[in-house]
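Tertiary structure, described
If you want the building blocks of each chain, they are given just below.
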Amino acid sequence: MLSGLGNRWVLFAGAVLAVAAVLSNEYYFTLLNFIGIHTLLVVGLNLLLGYAGQISLGHAAFFGLGAYTSGILTATCGVNPWLALLAGLVISGLAALLIGIPALKLRGYYLAMATLGFGIIVYIVLNEAQPLTGGPSGLSGIPSLSLAGFPLNTARRLYLLVWPVVGGILALSANLVDSRSGRALRALHDSEAAAESLGVDTSRMKLKIFIWSALYASLAGSLYAHSLNFIAPASFGFMFSIKLVTMVVLGGMASIWGSLLGAGVLTVLPEVLTVFHDFEVIIFGAILMVVMIFLPRGLVRGLMDLWEFRRYKRQGGQIV
Amino acid sequence: MPTLSSLLQYFLSGLTNGAIYALIALGFGIIFNATAIINFAQGEMVMLGALCAISLYHLIPSLPLAFLGGVFLVSLVGLVFERLALRPVRDPAPITLIIITVGAAVFLKGLAMLLWGKEAYSLPSFSGNAPLYLGAATIMPQNLWVLGLTAFLVLVLEAFFRLTLVGKAMRATAYNLRAARLVGIAVGRMVQLSFGLAAALGAGAGILIAPLTLGVYDMGTMLGLKGFSAAIIGGLGSLSGGVLGGLLLGLAESFTSGLISSSYRDAVAFLLLLLVLFLRPQGLMGGRR
């Protein structure tokens, strides 16, 4: 018999394959690829926010570093895209290490401040370093990925790479959360002092998770660059970092599967509702405030809690 | 080789921007002291101040009334924001509160875009546009207004915290919330007041700078983040630190764009922010907390 967790993975793989078989419209695959790429970003940020209790307000920067490393190395220097992707991971990882070491040694929200500064600096450099990045008008001519000689040059083909990668990253993250490190992380989230007293090296843990989340973001960035074949700095600004935090908050902090939901909803909504475009900023702000005020565990989990609470009360249970 | 007069010019314009950053930084500090949270909506108070004052000025063309009215309206926004968005929070962990303030910032910015649109509005200078000659450099009267009123506001703030009962109660709350409650201070009201006060300072900054830079719905984000950098550079929660941080930041920006390159002007603030976080995280004037 399959365990509860195993069931989910079978379902996930089944759904991915079924979608590939059923859908025919290229546009849906483009949308699904964006959802997948956003999911990678959101899972990483959620590990940091929901499990380590630290916030990054510049996550778009790691996304941008991945995208631009891939873009510049492949479009300008003609490097193999897979090597470029690895280079992006190395650069993003090093950047995270460099920011994380000093910021995470301190208690409190120094990582929020440091990542915020870092995010804006990266954004300014992407805009100003014209010879390298193409400046505000962007970098074009990024080739598509290819797998064993098979070009992934349509959204549908790329889908068959993106979603298995998303599945792998979700599985990896679920494993990480349920591992010894994951338990240490949750202890850290509840009380740093208590975790430390139990022998958890808290700053090392936080650093590790921060680097992980930067690597996820970089991977997402490389996939993004190769799927659009064009990148511009506007996609990697402060507002995108906030959008990612909104996705985490909507899907639920400390929920791996919620990340998929948060990314899905906030990627699809702007596409479906044209009204959304003008009100996008207001809606994100409202979601962040309302969810954090009333349902701090996230929308889905919060609503589930409320429902359980109702049912419990109907059955005449006493709430202690 | 830059001439002496251009150096003086950079100094004066840096000082003016620095004064604005200082006012915004003070708002961050006051709220941080009262609640230990970083209010990322502070920059939007600057924007609201500028736009409210401009709208009021169009209704009744009197600059003092527009200034006071703008500050008053935005203070109300600050008070209401604390009451509606922060006090009802069930799980007041700092990270929850920080996310809420980020949400509020984004929300207010979006709201301002709906109310005022995307165009930029101007506010007349407080006393004309005839430049004054200061040796070899020129200075606009508005720059003097910015410097003078900032100095005045800082002094008033200092006097408020040192001399009035409410100010002393706010300081007690900042120092130790529980002890303040024990001696009968209405801690909740002090926290709310700190949001009102910070919003008022932010609005003042916005109205002072509006004649120099125009008022637009998205002016708040960058100003807020720079004020925040100034607060960290000087030492979060220290009054003199906020002023020092703001002035240093303004000067650093002005000299960088004058002497090196103007394209990386905006990066200076955040580079300094990272530098201070790494080398002296408590800020220049901050003690160990």
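Being a predicted model, the structure only gives us computed values, none of them experimental.

Okay, the overall build of chain B next. Within chain B, the secondary structure is distributed over eleven helices and two strands. Mapped from its N terminus to its C terminus, chain B presents α and β elements in the order α-α-α-α-β-β-α-α-α-α-α-α-α. Here chain B has a C-alpha radius of gyration of 19 Å; the compact-globule value for 289 residues is 19 Å, and the two agree. By principal-axis analysis of the C-alpha atoms, chain B measures approximately 60 × 50 × 35 Å. Within the span of chain B, comprising 289 residues, buried residues form 52% of the whole. Of all intrachain contacts in chain B linking residues separated by at least 6 positions in sequence, the fraction that spans at least 24 positions is 75%.

Our focus in this paragraph is the overall build of chain A. Summing up its helical and strand segments, chain A has 14 helices and four strands in all. Over its C-alpha trace chain A gives a radius of gyration of 20 Å, about what one expects of a compact globule, namely 20 Å for 320 residues. Summarising its shape, the C-alpha atoms of chain A cover approximately 65 × 50 × 45 Å along the three principal directions. Burial statistics for chain A: of 320 residues in total, 49% are counted as buried. Sequence separation of 24 or more characterises 76% of the internal contacts of chain A that already satisfy a separation of 6 or more.

This next bit is on the packing of helix α4 (residues 81-105) of chain A against helix α5 (residues 110-128) of chain A. Residue and element names in this part refer to chain A. The contact between α4 and α5 brings their axes to 8 Å, and the two run at 150°. It follows from the interaxial angle that α4 and α5 lie roughly antiparallel. Crossing of α4 over α5 shows right-handed handedness. For the pair α4 and α5, the contacting residues are Ile-99, Ala-103 and Leu-104 in the first and Tyr-110, Leu-111, Ala-114, Thr-115 and Phe-118 in the second. Residue composition of the contact of α4 with α5, grouped by class: seven nonpolar, one polar and no charged.

With 196 residues, the main nonpolar core has Leu-288 of chain A together with Ala-53 and Ile-98 of chain B as its most contacted residues. With 16 residues, the top contributor of residues to this core is helix α10 (residues 202-228) of chain A.

This part covers helix α6 (residues 165-175) of chain B. Because an α-helix packs 3.6 residues into every turn, residues spaced three or four apart end up facing the same way. Residue and element names in this part refer to chain B. Of the residues making up α6, those classed as buried are Met-170, Thr-173 and Ala-174. Buried positions in α6, seen along its axis, are confined to an arc of 100° and lie on one side of it. Relative to its buried face, α6 has exposed residues pointing more than 90 degrees away, namely Leu-165 and Tyr-175. Where α6 is buried, its residues touch α1 (4-35), α5 (141-163), α7 (177-182) and α8 (187-213).

It is worth spelling out the interface of chain B and chain A at this point. With 35 residues of chain B in contact, the opposing surface of chain A contributes 32 residues. For the side of chain B that touches chain A, the element with the highest residue contribution is helix α4 (residues 94-116) of chain B, accounting for 15 residues. Here the side of chain B that touches chain A is built from residues that sort into 26 nonpolar, five polar and four charged.

Residues and elements named next belong to chain B. Between α5 and α8, the shortest axis-to-axis distance is 9 Å and the interhelical angle comes to 170°. Considered as vectors, α5 and α8 are oriented roughly antiparallel to each other. Contact with α5, carried on its side by Gln-142, Trp-145, Val-146, Leu-149 and Leu-153, involves Leu-201, Gly-204, Leu-208, Ile-209, Pro-211 and Leu-212 of α8 and no other residues of that element. Considered class by class, the residues forming the contact of α5 with α8 number nine nonpolar, two polar and no charged.

Turning next to the environment of Met-253 of chain A. Mapped onto the secondary structure, Met-253 of chain A falls in the loop between α11 (238-251) and α12 (256-272). For Met-253 of chain A and Gly-50 of chain A, which are 203 residues apart along the polypeptide, the C-alpha to C-alpha distance reads 4.4 Å.

Our next topic: the confidence of the model for chain B. All names here are of chain B. Averaged over every residue, the pLDDT of chain B is 90; residues scoring 70 or more account for 99%. Between the elements of chain B, mean pLDDT differs from a low of 80, seen in strand β1 (residues 132-134), to a high of 95, seen in helix α2 (residues 42-59). Two summary scores accompany this predicted model of the complex, namely pTM at 0.88 and ipTM at 0.86.

In this model α10 of chain A runs 39 Å from its N-terminal to its C-terminal C-alpha over 27 residues, within 8% of the 39 Å that 1.5 Å per residue would give. Taken from the residues just after α10 of chain A, Asn-229 of chain A is the one with a positive phi, measuring 65°.

Next up on the list: the environment of Tyr-10 of chain B. Residues and elements named next belong to chain B. Checked against the element boundaries, Tyr-10 lands in helix α1. C-beta crowding within 10 Å serves as the criterion here: with 20 such atoms nearby, Tyr-10 is assigned to the buried category. Dropping the residues within four chain positions of it, Tyr-10 is found in contact with Ser-254, Phe-255 and Gly-258.

Our focus in this paragraph is unusual backbone geometry. Residues and elements named next belong to chain A. One non-glycine residue, Asn-229, lies in the positive phi region at around 65°. With respect to the helices and strands, Asn-229 occurs in the loop between α10 and β4 (230-231). Judged by the 16 C-beta atoms lying within 10 Å of it, Asn-229 falls in the partly exposed class.

The next subject is the environment of Leu-15 of chain B. All names here are of chain B. You can see Leu-15 is positioned in helix α1. Here the alpha-carbon distance between Leu-15 and Ala-252, two residues 237 residues apart in the chain, equals 9.6 Å. Discounting chain neighbours no more than four positions away, the residues touching Leu-15 are Leu-147, Leu-247, Gly-250 and Leu-251.

Now for the confidence of the model for chain A. Mean pLDDT for chain A: 86, with 96% of residues reaching 70 or above. Within chain A, no element has a lower average pLDDT than helix α14 (residues 299-314) of chain A, which sits at 76, and none a higher one than helix α3 (residues 59-76) of chain A, at 95.

What counts, and at which threshold
- All residue numbers here refer to positions counted from 1 along the written sequence of the relevant chain.
- To label them, take the chains in the order written and letter them from A, then take the ligands in the order written and number them from 1.
- Note on the predicted model: pLDDT of at least 70 is required for a residue's local features to be given, and 80 or more for side-chain atom pairs to be given and counted; whole-chain, interface and lining totals, by contrast, use all residues.
- To qualify as a helix, a DSSP run of H or I must reach at least 4 residues; to qualify as a strand, a run of E must reach at least 2; elements of each kind are numbered from the N terminus.
- C-alpha atoms define the radius of gyration, and 2.2 Å times the number of residues to the power 0.38 defines the globule rule.
- In this scheme every C-beta is placed from the backbone, and a residue whose C-beta has 20 or more other C-beta atoms within 10 Å is buried, one with 12 or fewer is exposed, and one in between is partly exposed.
- Contact definition: two residues whose C-beta atoms, as placed from backbone geometry, lie within 7 Å.
- Orientation is described by lines fitted to C-alpha atoms, with helices fitted over the stretch in contact, and by angles between N-to-C directions that extend from 0 to 180 degrees.
- Note on angle classes: values under 35 degrees are labelled roughly parallel, values over 145 roughly antiparallel, values of 65 to 115 roughly perpendicular, and the remainder oblique.
- Handedness of a crossing is defined here by the sense of rotation of the near helix relative to the far one, left-handed for an anticlockwise turn of less than a right angle and right-handed for a clockwise turn.
- All amino acids are sorted into three groups, where Ala, Val, Leu, Ile, Met, Phe, Trp, Tyr, Cys and Pro are nonpolar, Asp, Glu, Lys and Arg are charged, and the leftover types, Gly among them, are polar.
- Here, a nonpolar core denotes buried Ala, Val, Leu, Ile, Met, Phe, Trp, Tyr and Cys residues that are linked to one another through C-beta atoms within 7 Å.
- Throughout, the arc means the angular range of directions from the helix axis out to the C-beta atoms.
- As a per-residue measure, pLDDT reflects the predictor's confidence and takes values from 0 up to 100.
- One less than the residue count of a helix, multiplied by 1.5 Å, gives the span that helix is expected to have.

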